[in-house]
Amino acid sequence: MKLAVSCMGNSLSDALDERFGRASNFIIFDLANQSYQCLDNVQVLNAEQGAGIQAAQNLVNAGADIVITGHVGPKAFRTLKEAGVDIYFARGITVQEAIEAFKQGKLEKAESNNVEGHWI
C-alpha cells in the first residue's frame with residue numbers, strides 16, 4: 001500500500017502541506033518496504049486552474065492508495081474517489097507523524113471535500 005502525503009519539503013521530517021493541489025511536493029511512502037520517494041508538484045503548483053485535479057491524477061498514476069493532506073477541494077476529492085483512493089486529513093504535523101498516525105488509525109477519513117474550489 002502506498003501513502004501520498006502532501007509535503008512542504010522532500011523528506012519525512014518536513015511539515016505536511018495542508019494544501020492539496022498546490023502542495024509543494026508529495027511524499028509517496030510504500031508501507032510494504034518502508035521506503036519513500038518525493039514527487040515534485042511544481043508544474044501543478046503554478047497552474048492557473050485545475051491544480052487539484054492534476055495533482056490527484058499524478059498521484060493515481062504514481063500508484064497511491066491513500067492520500068493524507070490538510071484540505072481537499074470538490075474536484076480533487078471526486079477524482080481521487082473515482083480512482084479508489086481514500087483521503088485522510090491531518091494538520092500541523094510532519095510527514096513522518098502523519099504516516100505514524102495513519103498506521104495507528106488516528107486520522108480522520110474524508111467523507112467529502114472540506115474546502116470549496118480555488119482555496120489557497
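My aim in this report is to walk through the structure given alongside it, one point at a time. (Residues numbered from 1 in each chain as written. Predicted model: local features only at pLDDT ≥ 70, side-chain atom pairs only at ≥ 80, totals over all residues. Heavy atoms only, no water.)

### Details of the pairing of strand 2 (residues 25-30)
- Most of strand 2 sits out of view: 6 of its 6 residues are buried.
- Burial along strand 2 is two-sided: the residues N25, I27 and F29 and F26, I28 and D30 are all buried.
- In this structure, strand 1 (residues 2-7) lies alongside strand 2, joined through 6 bridges in antiparallel fashion. The partner of V5 across the bridge, within strand 2, is I27.
- Two successive antiparallel strands, strand 2 and strand 3 (residues 35-40), enclose a turn made up of 4 residues, where Q34 displays a positive phi of approximately 55 degrees. (Buried < 20%, exposed > 50% of the residue type's maximum accessible area, 1.4 Å probe, protein only. Helix = DSSP H or I, 4+ residues; strand = E, 2+ residues; numbered from the N terminus. Pairing = 2+ DSSP bridges.)

### Side note on the side chain of D30
- Residue position: D30 is located in strand 2.
- Among buried Asp, Glu, Lys and Arg side chains, D30 stands out as unpaired, with K2 the closest opposite charge at 4.9 Å.
- In contact with D30, not counting residues within four places along its chain, are M1, K2 and S35. (Lys, Arg positive; Asp, Glu negative; His and termini not counted. Salt bridge = Lys/Arg side-chain N within 4 Å of Asp/Glu carboxyl O. Contact = heavy atoms within 4.5 Å.)

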